[in-house]
Amino acid sequence: MADDPLSTTFAALADPTRRAILARLAEGAATVKELSAPFAMSGPAVSKHLRVLERAGLVVRGRDAQWRPCTLDATPLREVAEWTDGYRRFWDDSHRRLDAYLERMKEQEDDH
């Protein structure tokens with residue numbers, strides 16, 4: 001994986017299983033076994049996904065006696081949001097142009 005945090009976060013988010021794991025952790029801490037339940041894969045396979053998420057700083061694994069809860073750390077997602085926000089102006093401008101075009105088309109249709 002790349003060394004810069006943004007690339008590491010995007011690489012971690014590229015996999016749908018990892019995104020589903022993050023969505024589950026957004027609801028609260030869970031064990032590997034609990035995270036494995038909705039997937040047709042083994043605990044070790046889910047652990048591999050968790051290691052990728054940990055390297056990206058998106059998941060923290062704790063220890064509470066015998067229980068090793070995984071929790072979400074959404075901090076790296078803030079950097080993703082800030083980066084993508086830079087493109088918001090582009091999309092807003094594109095939508096405004098499309099709205100104006102559709103309005104002109106509608107007016108032309110109404111004139112005929």
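Residues numbered from 1 in each chain as written. Predicted model: local features only at pLDDT ≥ 70, side-chain atom pairs only at ≥ 80, totals over all residues. Heavy atoms only, no water.

Labelled according to an unreviewed UniProt entry, the protein chain appears under the name DNA-binding transcriptional ArsR family regulator, originating from Saccharothrix tamanrassetensis.

Before going further, it helps to spend a moment on the nonpolar core. Across soluble globular proteins, you tend to see nonpolar side chains buried next to one another. Counting 18 residues, the largest nonpolar core has Leu35, Leu50 and Leu53 as its most contacted members. Put simply, the parts of the chain that give this core at least two residues each are helix H1 (5-13), helix H2 (16-25), helix H3 (32-36) and helix H4 (43-55). When residues of this core are assigned to their parent elements, the largest contribution, 4 residues, is made by H4. Look past the residues within four positions of Leu35 in its chain and what remains in contact with it is Ile21, Arg24, Leu25, Ala30, Val46, Leu50 and Cys70. (Core = buried A, V, L, I, M, F, W, Y, C linked by side-chain atoms within 4.5 Å. Buried < 20%, exposed > 50% of the residue type's maximum accessible area, 1.4 Å probe, protein only. Helix = DSSP H or I, 4+ residues; strand = E, 2+ residues; numbered from the N terminus. Contact = heavy atoms within 4.5 Å.)

We now examine the packing of H2 against H4. The angle between the axes and the distance between the axes are what describe a pair of packed helices. At a closest axis distance of 10 Å, the pairing of H2 and H4 adopts a crossing angle of 80 degrees. Compared by their axis directions, H2 and H4 come out roughly perpendicular. When H2 is examined against H4, the residues Thr17, Arg18, Ile21 and Leu22 are found in contact with a partner set consisting of Val46, His49, Leu50, Val52 and Leu53. Split by residue class, the contact of H2 with H4 holds 6 nonpolar, 2 polar and 1 charged. (Axes fitted to C-alpha atoms, helices over the stretch in contact; angles between N-to-C directions. Parallel < 35°, antiparallel > 145°, perpendicular 65-115°, else oblique. Nonpolar A, V, L, I, M, F, W, Y, C, P; charged D, E, K, R; others polar.)

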